[in-house]
Amino acid sequence: QVQLVESGGGLVQPGGSLRLSCAASGSIFSIYAMGWYRQAPGKQRELVAAITSGGSTNYADSVKGRFTISRDNAKNTVYLQMNSLKPEDTAIYYCNADLARIELPGRYNYWGQGTQVTVSS
């Protein structure tokens, strides 16, 4: 069993900052990549940022220069520092992990339950 637990969402004014965290736990052998996705009302879920076990990162064009993804491999935790937030960043943010499990062969993908981020004055 594997769980991803997100925290850090909330309401913030335009121009403000938030930091999201996502901790993975359970029968994890290793995590290849972790990332953040978001889904706004009436829109498809989209990639926000991702990071590999080696530290390579990838960002959506809309957040480059404002958001920073980081990772603590020892804690199986990924962070998303969000600065200069805009109303269009309002969405449910989901954590994602691509990993190997201890007791099963193969590669598995898991999602967190989501955390709401609302940017509004």
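One can find the structure itself at the top, above this paragraph.
Only a predicted model underlies this, so the values are computations on that prediction, with no experimental measurement involved.

1. So, the overall build of the protein chain
Tallying secondary structure elements over the protein chain gives 0 helices and 11 strands in all. If you list the helices and strands of the protein chain from N to C, you get β-β-β-β-β-β-β-β-β-β-β. Here the protein chain has a C-alpha radius of gyration of 14 Å; the compact-globule value for 121 residues is 14 Å, and the two agree. Taken along its principal axes, the extent of the C-alpha atoms in the protein chain is 50 × 25 × 20 Å. Among the 121 residues that make up the protein chain, the fraction classed as buried is 42%. Of all intrachain contacts in the protein chain linking residues separated by at least 6 positions in sequence, the fraction that spans at least 24 positions is 56%. As displayed, the protein chain has an accessible area near 6300 Å², and 49% of this comes from carbon and sulfur atoms.

2. With respect to the nonpolar core
Counting residues in each nonpolar core, the largest one holds 32 residues, and the members touching the most others are W36, L80, M82 and Y93. Going through the elements one at a time, β1 (2–7), β3 (18–26), β4 (28–39), β5 (46–52), β7 (67–72), β8 (77–82), β9 (91–101) and β11 (115–119) are the ones with two or more residues in this core. Ranked by the residues each element gives to this core, the list is headed by β9, at 5 residues.

3. Quick look at the sheet that holds β1
Strand order in this open sheet of 4 strands is β1-β3-β8-β7, and the pairing throughout is antiparallel. Edge positions in the open sheet fall to β1 and β7, since each of these has one partner strand only. On average, adjacent strands in this sheet sit at an angle of 15° to one another, irrespective of strand direction. Of the strand pairs in this sheet, β7 and β8 are connected by 6 bridges, and their pairing is antiparallel. In the strand pairing of β8, D72 is matched with T77.

Rules used in this analysis
Residues numbered from 1 in each chain as written. Predicted model: local features only at pLDDT ≥ 70, side-chain atom pairs only at ≥ 80, totals over all residues. Heavy atoms only, no water. Helix = DSSP H or I, 4+ residues; strand = E, 2+ residues; numbered from the N terminus. Rg over C-alpha atoms; globule rule 2.2 N^0.38 Å. Buried < 20%, exposed > 50% of the residue type's maximum accessible area, 1.4 Å probe, protein only. Contact = heavy atoms within 4.5 Å. Areas by Shrake-Rupley, 256 points an atom, 1.4 Å probe, with all protein chains shown as cover. Core = buried A, V, L, I, M, F, W, Y, C linked by side-chain atoms within 4.5 Å. Pairing = 2+ DSSP bridges. Axes fitted to C-alpha atoms, helices over the stretch in contact; angles between N-to-C directions.

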